[in-house]
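# Examining the three-dimensional arrangement
Chain by chain, the residues run as shown.
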Amino acid sequence: MGISIGIFETEAKNALCRELRMNVIKVRVDDIKGMEKLAGYDDIVSLEDAKSLVGDWEAFLKRNRINAETDAVYMDKLKNDDDIKLLGPKAVRTSTGWVEMSKVGASDKEKVLAASKKENRLTGWDMLSFDEMNEMCLKCKLSWDKGRGCIGTFGPSDSLLPSIAEKKGCKIVASVPVGAQSGRRYTPEDAKELLKEIEILTKALPEEGKMAVRRYSGPLERMAAVASISVSEGCGFYFF
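Residue indices follow the written sequence of each chain, beginning from 1 at its first position. With the structure being a predicted model, the display of local features is reserved for residues of pLDDT at least 70 and the display and counting of side-chain atom pairs for 80 or more, all residues being used for whole-chain, interface and lining totals. Note that water and hydrogens are dropped before the side-chain values are worked out from all heavy atoms of the structure.

### A short note on the sheet that holds strand 3 (residues 39-45)
Within a sheet, neighbouring strands are paired by backbone hydrogen bonds and run either parallel or antiparallel to one another. Keep this limit in mind: Two strands pair under a simple rule: DSSP has to find at least two bridges between them. By the criteria applied, helices consist of DSSP H or I runs no shorter than four residues and strands consist of E runs no shorter than two, each listed in order from the N terminus.
Read across the open sheet, the five strands follow the order 4-3-5-2-6; overall the sheet is antiparallel. This sheet does not close on itself; its edge strands, each paired only once, are strand 4 (73-74) and strand 6 (116-123). Note that strand 3 and strand 5 (residues 92-100) share five bridges and pair antiparallel. Within the sheet, the bridge partner assigned to I44 lies in strand 5 and is V92.

Quick look at the structure:
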């Protein structure tokens, strides 16, 4: 398992993606009770019902361009008008659990957000294509990983760099594996200490041998880039 480094983009005032990441477009709630009018719905026909009605199943899949691995028939995916008429009466309206925030009144937004897990929220950033994301990252001055974005590699979870750091009294670098596991949020004050530690470790690596220099100069360089951004932008950073 590897460990990566990232910054909290929404805390960085100059991050080009900041506004997009802060704009929650839709969320999935575990329980739609009280939000029935806000949730999205699918009209679904079970495979059993669909197969009993359409006859030639392979032909049905082909004319409607439906993947053979589908677990049900979604009415909005059907292309053939005759199939739509045939299966319509068997369709069951089923909540997707997704709520579009544009349809939620200001007084209910917090309630809807509270009913969703963080990982079940889609922001403006999530709605971009990979090409659009890459283009924005290339233009962003906070894209510290050589224009590839603001997430980069620290190294494998069994890296010896933390143990080297511990020997030198560098507590931030020594804490990386534990910090990644616990989800610790490092602050700009931590970043200032990290910059001091990187200076110490850069001088200390040659004492550990040429292999240590080759392996750990890159992670030190990347942490220095993250720490500098954390200090200048006043944003936190993390390992994961």
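### Notes on the state of the cysteines
Short version of the rule: Only a pair of cysteine sulfur atoms within 2.5 Å qualifies as a disulfide here.
Following the criterion strictly, the structure yields zero disulfides and no others. Between C150, a cysteine without a disulfide, and C17, which holds the nearest cysteine sulfur, the sulfur-to-sulfur distance is 5.6 Å.

### Digging into the nonpolar core
Where we set the bar: Joining through side-chain atoms within 4.5 Å is the link that ties buried Ala, Val, Leu, Ile, Met, Phe, Trp, Tyr and Cys residues into a set, and such a set is a nonpolar core. Each residue is assigned to one of three classes by its accessible area relative to the maximum for its type, calculated with a 1.4 Å probe on protein chains only: buried under 20%, partly exposed between the two thresholds, exposed over 50%. Residue contacts are defined here by distance: any two heavy atoms, one from each residue, within 4.5 Å place the two residues in contact.
By size, the foremost hydrophobic cluster in this structure holds 38 residues, and its most contacted members are I7, F154, L194, M223, F237 and F239. When contributions to this core are tallied by element, the ones reaching two or more residues are strand 1 (2-7), helix 6 (130-139), helix 7 (161-167), helix 8 (171-174), helix 9 (176-182), helix 10 (188-208), helix 11 (210-233) and strand 8 (237-239). At seven residues, the largest contribution of residues to this core is made by helix 11. Ignoring any residue separated from it by four or fewer positions in sequence, one finds F154 in contact with I3, S4, I5, S159, L161, P162, V176, P219, R222, M223 and F239.

### Some details on the pattern of salt bridges
Here is the rule: What counts as a salt bridge is simple: a side-chain nitrogen of Lys or Arg found within 4 Å of a carboxyl oxygen of Asp or Glu.
Counted under the stated rule, the structure contains 13 salt bridges. For K192, the salt bridge identified is with E189, shortest N-O distance 3.2 Å. Taken together, the residues K192 and E189, both in helix 10 and three residues apart, mark about one turn of the helix. Using a relative accessible area of 40% as the deciding quantity, one classes K192 as partly exposed.

### Digging into the environment of V73
Structurally, V73 can be placed in strand 4. Along the backbone, V73 and V45 are 28 residues apart, and their C-alpha atoms lie at a distance of 5.1 Å. Other than its neighbours up to four places away in sequence, V73 contacts D43, I44, V45, L47, A50, W57, F60, L78 and L87.

### Some details on the pairing of strand 1
Counting buried positions along strand 1 gives five out of six residues, so the element sits mostly inside the fold. Pairing analysis gives three bridges linking strand 1 to strand 8, with the strands arranged antiparallel. The partner of I5 across the bridge, within strand 8, is F239.

### Here we look at the pairing of strand 2 (residues 24-29)
As paired strands, strand 2 and strand 6 are joined by four bridges and run antiparallel to one another. Each residue of the ladder has a partner; that of V24, found in strand 6, is T123. Pairing between strand 2 and strand 5: three bridges, direction antiparallel. Residue R28 lies in a different strand from strand 5, and its bridge partner there is W98.

### Concerning the side chain of N64
Where we set the bar: For this analysis, a polar contact is any N or O atom pair within 3.5 Å, provided that within protein one partner can donate a hydrogen and the other can accept it, and provided that sequence-adjacent residues contribute only side-chain to side-chain pairs.
Tracing the backbone through its elements, the reader meets N64 in helix 3 (residues 57-64). For N64, a relative accessible area of 0% gives the class buried. Looking at N64, its side chain comes within polar contact range of the main-chain oxygen of F60, at 3.0 Å. Not counting the four nearest positions on each side in its chain, N64 is found in contact with K77, L78, K79, N80 and D83.

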